Amino acid sequence: MKIAISIGDLNGIGIEIALKSHKIVSDFCNPIYIVSKSMLEQACKLLKIKMPPNFKTLDIGTDFKITPSHICEKSGKYSFDSFKKAVELAKEKKVDAICTLPIHKKAWQSAGIKYKGHTDALKDIFEKETIMMIGCDKLFVALFTHHIALKDVPSKIDKKSLSDFMLNLYSEIKEEKIGVLGLNPHAGDEGVIGDEEIIIKKAINLANKKLLEEVFIGPLVPDTAFTARMIKNIKYFVCMYHDQRLIAVNSLFFD
C-alpha cells in the first residue's frame with residue numbers, strides 16, 4: 001500500500017515524528033513523504049537525526065530556513081503545498097491514501113490560506129461532506145462540528161444537518177449501535193439546561209426512521225458517556241464539538 005504523507009509545518013513537530021516513526025510506518029506501507037531532500041537534510045541537521053534508509057521523498061514548494069517553534073508564512077505555505085500534492089496523488093490514484101502530519105493553523109492564515117485545517121480543505125477539494133473521526137480499538141468518536149468557536153456550536157445544530165451527518169457516518173462504518181452525545185450538562189435535563197437536546201433527539205429519530213432500525217442512541221449525558229461501562233457496550237459516538245470528544249479519547253488512550 002502506498003501512502004502519501006504531507007509533512008506538516010516544518011517549524012513544528014511533524015518532521016520529527018516522520019523521521020522517528022519511519023521504520024515502524026514502512027513495515028506496513030510504502031510511505032512517500034512530500035518534502036524536498038534539501039528541507040529534509042536541514043531538519044535532520046537541526047534534530048541531530050540521521051536520515052533513515054529508504055526515506056522516499058517528493059520535492060514540493062520553495063525552500064526556507066527552518067526556525068523551530070516559529071509561526072511564519074513560509075512554513076504555512078510549504079505545509080499547505082505538501083498537503084495539496086498528497087491529495088493530488090490520491091486523486092490521480094498514484095497512492096492509496098494520504099496521511100497528514102501536524103500543521104499550524106495560524107501559519108496557514110499568515111500564508112493567506114482560507115482553511116482552518118485539513119478537514120475543511122478536503123471538503124472543498126472533493127465537494128463532499130467530511131467526517132472527522134479519531135479513535136483506537138476501544139473507542140471511536142466522530143465530530144459533528146470541529147474547528148469552530150465553542151460559542152458558534154449551538155447554532156450549527158439543526159435536525160436535518162445532524163441527521164444527514166449520522167446517516168453518512170453509518171454508511172461508512174455500518175455499526176449496529178452508535179451513541180450520540182447531548183450538548184449541555186445533564187443532556188439538558190429535558191430543556192431545563194438548554195433545549196439543543198430536543199433538536200438532537202429529533203435528528204436521532206429521523207436518522208433511525210430512515211434506517212428502519214434503532215442504530216443511534218441518545219442524547220447521552222456527555223460527562224458519563226465515556227465511562228468504562230459505557231464504552232464496553234458502545235464503541236462509536238457522535239459528539240457535538242471538538243473538545244467534547246478529544247478530551248475523552250486523549251485522556252483514556254493518548255499513548
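Attention in this report is confined to the structure presented alongside it. (Residues numbered from 1 in each chain as written. Predicted model: local features only at pLDDT ≥ 70, side-chain atom pairs only at ≥ 80, totals over all residues. Heavy atoms only, no water.)

## As for the packing of helix α7 (residues 159-173) against helix α8 (residues 196-211)
Defined as follows: All axes are obtained by fitting lines to C-alpha atoms, using only the stretch in contact for helices, and the reported angles, taken between N-to-C directions, cover 0 to 180 degrees. Secondary structure follows DSSP: runs of H or I at least 4 residues long count as helices, runs of E at least 2 residues long count as strands, and numbering of each begins at the N terminus. By definition in this entry, angles of less than 35 degrees are roughly parallel, angles greater than 145 are roughly antiparallel, angles of 65 to 115 are roughly perpendicular, and the rest are oblique. Two helices cross in a left-handed way if the nearer one is turned anticlockwise from the farther one by less than a right angle. They cross in a right-handed way if the turn is clockwise. By definition in these notes, contact holds between two residues if any of their heavy atoms fall within 4.5 Å.
Packing of α7 against α8 brings their axes to within 8 Å, and their N-to-C directions diverge by 45°. The pairing of α7 with α8 is recorded here as oblique in orientation. As for the relative orientation of α7 and α8, their crossing is right-handed in sense. Listed contacts from α8 to Lys-159, Leu-162, Ser-163, Met-166, Leu-167 and Tyr-170 of α7 are Ile-199, Ile-200, Lys-202, Ala-203, Ile-204, Leu-206, Ala-207, Lys-210 and Leu-211.

## Quick notes on helix α1 (residues 14-28)
What counts is decided by this rule: Every helix has an expected span of 1.5 Å times one less than the residues it contains. Note that bend, as reported per residue, equals the angle between axes fitted to the 7 residues terminating at that residue and the 7 residues originating from it. Each residue is assigned to one of three classes by its accessible area relative to the maximum for its type, calculated with a 1.4 Å probe on protein chains only: buried under 20%, partly exposed between the two thresholds, exposed over 50%.
With 15 residues, α1 extends 20 Å from end C-alpha to end C-alpha; this agrees with the ideal 21 Å at 1.5 Å per step. The principal kink in α1, of about 65°, is found at His-22. Taken together, the buried positions of α1 are occupied by Gly-14, Ile-15, Ala-18, Leu-19, His-22 and Val-25. Looking at the buried positions of α1, the neighbouring elements they touch are β1 (2-6), β2 (30-34) and α2 (37-47).

## Side note on the packing of helix α3 (residues 73-91) against helix α5 (residues 118-126)
Formally: In the scheme used here, Gly and all other residues not listed as nonpolar or charged are polar, with Ala, Val, Leu, Ile, Met, Phe, Trp, Tyr, Cys and Pro taken as nonpolar and Asp, Glu, Lys and Arg as charged.
α5 packs onto α3 with a crossing angle of 40° between their chain directions and a minimal axis gap of 12 Å. Taken as axis vectors, α3 and α5 run oblique relative to one another. The crossing of α3 and α5 is right-handed. Contacts between α3 and α5 involve Phe-83, Val-87 and Lys-91 from the former and His-118, Ala-121, Leu-122, Ile-125 and Phe-126 from the latter. Considering only residue class, the contact of α3 with α5 consists of 6 nonpolar, 1 polar and 1 charged.

## Quick look at the side chain of Thr-57
Along the chain, the position of Thr-57 falls in the loop between α2 and α3. Once residues lying within four places of it in the same chain are set aside, the contact partners of Thr-57 are Tyr-33, Val-35, Lys-37 and Leu-40.

## Thoughts on the packing of aromatic side chains
Inclusion rule: The pairing test for Phe, Tyr and Trp rings, Trp by its six-membered ring, is centres within 6.5 Å, and the orientation test on the planes gives stacked under 30 degrees, edge-to-face over 60, and tilted for anything in between. Any Lys NZ or Arg CZ that is within 6 Å of a ring centre and within 35 degrees of that ring's normal is treated as a charge sitting over the ring.
Under the counting rule described, the total for this entry stands at 9 aromatic pairs. Grouped by ring-pair contacts, the aromatic residues Phe-80, Phe-83, Trp-108 and Tyr-115 constitute a single cluster. Lying across the ring of Phe-126, Lys-91 places its NZ or CZ 5.6 Å from the centre.

## Section: the state of the cysteines
Note the following rule: By convention in this document, the label disulfide applies to cysteine sulfur atom pairs within 2.5 Å.
The final tally for this structure, using the stated rule, is 0 disulfides. Sulfur of Cys-44: no disulfide; nearest cysteine sulfur belongs to Cys-99 and is 18 Å away. Exposure remark for Cys-44: the relative accessible area of 7% places this residue in the buried category.

## Some details on the nonpolar core
The test is simple: Put simply, buried Ala, Val, Leu, Ile, Met, Phe, Trp, Tyr and Cys residues joined by side-chain atoms within 4.5 Å make one nonpolar core.
In this structure, Ile-7, Leu-10, Tyr-33 and Tyr-78 are the most contacted members of the largest nonpolar core, which totals 27 residues. Elements that contribute at least two residues to this core include exactly β1, α1, β2, α2 and α3. Among residues more than four places away in sequence, those in contact with Tyr-78 are Ile-7, Leu-10, Val-35, Ser-36, Met-39, Ile-60, Gly-61, Thr-62, Asp-63 and Phe-64. Grouped together as the second largest cluster of nonpolar side chains are 23 residues, Ile-157, Leu-162, Ile-178 and Tyr-236 included.

## Quick word on the sheet that holds β1
The line we're drawing: For two strands to pair, DSSP has to find at least two bridges joining them.
In space, the 3 strands of this open sheet follow the order β2-β1-β3, with parallel pairing throughout. The open sheet terminates on both sides in strands that have one partner only, identified here as β2 and β3 (97-100). Sheet twist, expressed as the mean angle between neighbouring strand axes with direction ignored, is 30°. Across the sheet, α1 is in contact with β1 and β2; its angle to β2 comes to roughly 155°.

## Overview of the pattern of salt bridges
To keep it simple, the criterion reads: Criterion for a salt bridge: a side-chain nitrogen of Lys or Arg within 4 Å of a carboxyl oxygen of Asp or Glu.
Considering all chains together, one arrives at 9 salt bridges under this definition. One salt bridge connects Lys-123 with Glu-129, and the closest N-O pair in it is separated by 3.7 Å. Glu-129 sits in the exposed class, given a relative accessible area of 58%. Across the pair Asp-164 and Lys-160 runs a salt bridge whose closest N-O atoms are separated by 2.7 Å. Residue Asp-164 and its partner Lys-160 are located together in helix α7, separated by 4 residues, close to a single helical turn. Assessed through its relative accessible area of 27%, Asp-164 is described here as partly exposed.

## A word on unusual backbone geometry
Residue Pro-219 is reached from Gly-218 by a cis peptide bond, and omega for that bond is 0°. With respect to the element layout, Pro-219 can be found in strand β7 (residues 216-220). Within the chain, Ser-69 stands out as a residue other than glycine whose phi angle is a positive 65°. Note that Ser-69 resides in the loop between α2 and α3. With a relative accessible area of 73%, Ser-69 lands in the exposed category. Phi is positive for Lys-174, close to 50°, though the residue is something other than glycine. Its location among the elements puts Lys-174 in the loop between α7 and β6 (178-181).

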